[in-house]
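Inside the fold
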Amino acid sequence: MPTSRPGRAPAPRSECFAVLDPATGTPFAEAPDQQPDELDAVVEQAHEAWLGWRADPITRSKALFTAADAVETAGARLAPLLTREQGKPLADSYAEVARAAARLRYFAEPLPGPQKITDGRPVRSEVHWRPLGPVAAIVPWNFPLQLASAKFAPALAAGNTVVLKPSPYTPLATRLLASVMSTALPEGVLTVVTGHEPLGARLAAHPGIRHVTFTGSVPTGRAVAAGAAASLARVTLELGGNDAAVLLDDVEVERIAERLFWAAFRNCGQVCMAVKRVYAPARLHSQVVEALAHHAKTVVVGAGLDPGTQLGPVNNAPQLARVESYTAQALADGARAAAGGHRLDRPGYFFAPTVLSDVPPAGPLVTGEQFGPVLPVLPYSNLDEAVDAANGTGFGLGGSVWGADLDRAEEVAGRLECGTAWINHHAEISLAQPFAGIKESGVGVAGGPWGLYGNLRPFVVHRPEEA
Ligand code: NAD
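Just so we're clear, the structure is a prediction, and the values are computed from it rather than from any experiment. (Residues numbered from 1 in each chain as written. Predicted model: local features only at pLDDT ≥ 70, side-chain atom pairs only at ≥ 80, totals over all residues. Heavy atoms only, no water.)

**With respect to the packing of aromatic side chains**
This structure, assessed with the given rule, holds 5 aromatic pairs. With 4.9 Å between their ring centres and 90 degrees between their planes, Tyr-106 and Phe-107 make a pair best called edge-to-face. Judged by relative accessible area, Tyr-106 falls into the partly exposed class, the value being 29%. With centroids separated by 5.4 Å and ring planes inclined at 70 degrees, the aromatic side chains of Trp-141 and Phe-371 adopt a geometry described as edge-to-face. With a gap of 230 residues between them, Trp-141 in the loop between strand 5 (134-138) and helix 5 (144-157) and Phe-371 in the loop between helix 12 (364-367) and strand 14 (374-380) connect regions that are remote in the sequence. For the residue pair Trp-141 and Phe-371, the accessibility class agrees, reading buried in each case. Within the aromatic cluster, the residues linked to one another by ring pairs are Phe-261, Trp-262 and Phe-265. Positioned above the aromatic ring of Phe-459 is the side chain of Arg-130, whose terminal nitrogen or guanidinium carbon lies 3.8 Å from the ring centre. (Phe/Tyr/Trp six-rings, centres within 6.5 Å; stacked < 30°, edge-to-face > 60°. Buried < 20%, exposed > 50% of the residue type's maximum accessible area, 1.4 Å probe, protein only. Helix = DSSP H or I, 4+ residues; strand = E, 2+ residues; numbered from the N terminus. Lys NZ or Arg CZ within 6 Å of the ring centre and 35° of its normal.)

**Points about the domain arrangement of the protein**
The extent of an interface is frequently quoted as the accessible surface area lost upon association of the parts. Here the protein is partitioned into domain 1 (16-239 + 437-463) and domain 2 (243-423). Inter-centroid distance (C-alpha atoms) of domain 1 to domain 2 is 30 Å. Buried surface at the junction of domain 1 and domain 2, summed over both partners, amounts to about 2200 Å²; 59% is from carbon and sulfur atoms. Note that Glu-417 and Lys-439 form a salt bridge whose closest N and O atoms lie 3.8 Å from each other. The tally of links between domain 1 and domain 2 comes to 14 residue pairs in polar contact (both at pLDDT 80 or more). Among the elements that line the side of domain 1 that touches domain 2, the one with the most residues is helix 3 (residues 75-86), at 5 residues. When the residues that make up the side of domain 1 that touches domain 2 are grouped by side-chain class, the tally is 12 nonpolar, 9 polar and 5 charged. (Domains from an automatic or database assignment. Buried area = accessible area lost by both parts, 1.4 Å probe. Salt bridge = Lys/Arg side-chain N within 4 Å of Asp/Glu carboxyl O. Polar contact = N/O pair within 3.5 Å; in protein donor to acceptor, adjacent residues only side chain to side chain. Nonpolar A, V, L, I, M, F, W, Y, C, P; charged D, E, K, R; others polar.)

**Some words on the pairing of strand 9 (residues 234-238)**
Bridging between strand 8 (residues 211-215) and strand 9 involves 5 bridges; their strand directions are parallel. For Thr-215, the partnering residue across the bridge sits in strand 9 and is Glu-238. (Pairing = 2+ DSSP bridges.)

**Concerning the packing of helix 4 (residues 90-108) against helix 5**
At their nearest, the axes of helix 4 and helix 5 sit 9 Å apart, and the two run at 10 degrees to each other. Between helix 4 and helix 5, the angle falls in the class roughly parallel. For the pair helix 4 and helix 5, contact is made by Glu-96, Val-97, Arg-99, Ala-100, Arg-103, Leu-104 and Phe-107 and by Pro-144, Leu-145, Gln-146, Ser-149, Ala-150, Phe-152, Ala-153, Pro-154 and Ala-157, respectively. Looking at the contact of helix 4 with helix 5, its residues break down into 11 nonpolar, 2 polar and 3 charged. (Axes fitted to C-alpha atoms, helices over the stretch in contact; angles between N-to-C directions. Parallel < 35°, antiparallel > 145°, perpendicular 65-115°, else oblique. Contact = heavy atoms within 4.5 Å.)

**Quick notes on the pairing of strand 15 (residues 398-402)**
For strand 15, the tally of buried residues reaches 5 of 5 residues, placing the bulk of the element in the interior. Both faces of strand 15 are covered, namely the face carrying Gly-398, Ser-400 and Trp-402 and the face carrying Gly-399 and Val-401. As paired strands, strand 15 and strand 16 (residues 420-423) are joined by 4 bridges and run parallel to one another. Bridge pairing in strand 16 places Ser-400 opposite Trp-422. Read from strand 15 through helix 14 (residues 406-413) to strand 16, the crossover connection turns out right-handed. (Right-handed = clockwise from strand over helix to strand, strands pointing away.)

**Focus: the environment of Ala-173**
Counting through the fold element by element, Ala-173 comes out in helix 6 (residues 172-181). Separated by 291 residues in the primary sequence, Ala-173 and Pro-464 place their C-alpha atoms 53 Å from one another. Ignoring any residue separated from it by four or fewer positions in sequence, one finds Ala-173 in contact with Leu-78, Leu-81, Leu-82, Glu-85 and Leu-145.

**Details of unusual backbone geometry**
Residues other than glycine predominantly adopt negative phi, and peptide bonds predominantly adopt the trans conformation. Look at the link from Glu-197 to Pro-198: it is a cis peptide, with omega at 15 degrees. Structurally, Pro-198 can be placed in the loop between strand 7 (190-192) and helix 7 (199-204). Here the phi dihedral of Cys-268 falls at roughly 60 degrees; this positive angle occurs in a residue that is not glycine. According to the relative accessible area criterion, Cys-268 is buried, its value standing at 3%.

In structure tokens:
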């Protein structure tokens, strides 16, 4: 039975649920199994805390810088816990903690002051930016700390308070993060709630919440938006992706193969903006398949805490089953595994890094989101058709074009229907840039000033220059 809930008063009611280590498939710790009827008190406390937190931007800024320092100092506690529950290599967990601290610092800078608007008339319009109120942040299990910080850092900097719900697969590092930050933040400013559905659904639909910011799958995003419609809270959705990498005919395969491999397989392929399909010119197709298969066969797969591990397990059993079924269906429909194609014969949720050719383009591995260590490589003979195929799913998160002639690559990248297009790399984003999927990949904008303004509302004062 837990005795405290990070960032808020003791919570003696909750039972606990087991958290599994994906490297073994066995439980190693517990988290509070909070119930939806606890949310009224949590949101009420977030609202009370908001009345103080919104008042002074300078105090907020200082508190967020202090919180960033606290997160960084706690890296040696946070990173191993994150690896244990998520599965990723330890170095990646340290990078994720560092990214969370960096994001806090980025947004901790004081807000811009009011903006004056003039249009030649003898009136003065001033735009002030005001916070919204309690924000619900709901995040998935692939980057628990990084994605949580992408939500709470701009929301808190804007003067809102946050109720944060991590995935039940990865609740522990998030609880520790909030507890570490609570040394710098007033009570109720950042509260973590953990548990199973319908906890997230009820949080999204709670009438006291003024902004629901959600990262996760497309179907859940739809449910979240429908829930938030009841209170007409603002909704930001960062959803799934099925990013294509289009290789041009002048690409130097050996030069880009390792970068392309990691663009697809980092975090065991569990990245919203991972490369999830490769389109290669027919002439280069087998060379591309072989080069990627070489990396898939030689990468070190293991528990994230083992030194030398480059690729960890899939995070959870349902996700492993999905990866396995997409792969099995592709193989049954005629695909050929140049590497992998099966689970690994060891405890835990390990799937062999898999590179497939001859994959039917209408199958789920190409049209859906595998979100795992499996990559289809599809040949094309006409570039326009490859671009059409890249754009031919319901997703629109990112995409990339790879080739030696950068101007030509950029021209082709401009034809991709997505939020971010990369050239000769993939999925690198700066804290200062906007991040926004189109089509079913998202609603609203995260990152940079756009992410901050997504947590603010304009308040306009309009008066004549003279009485
Ligand atoms: P998911 O949609 O199943 O769950 C996401 C979160 O929502 C979890 O905390 C979950 O407990 C909660 N949830 C589940 N049902 C809910 C409901 N009805 N109402 C409210 N909350 C609910 O997603 P997942 O499997 O945890 O994560 C993988 C997905 O996330 C992939 O589709 C991936 O592409 C996407 N993702 C997107 C981005 C992005 O920035 N666009 C980033 C990371 C992951």
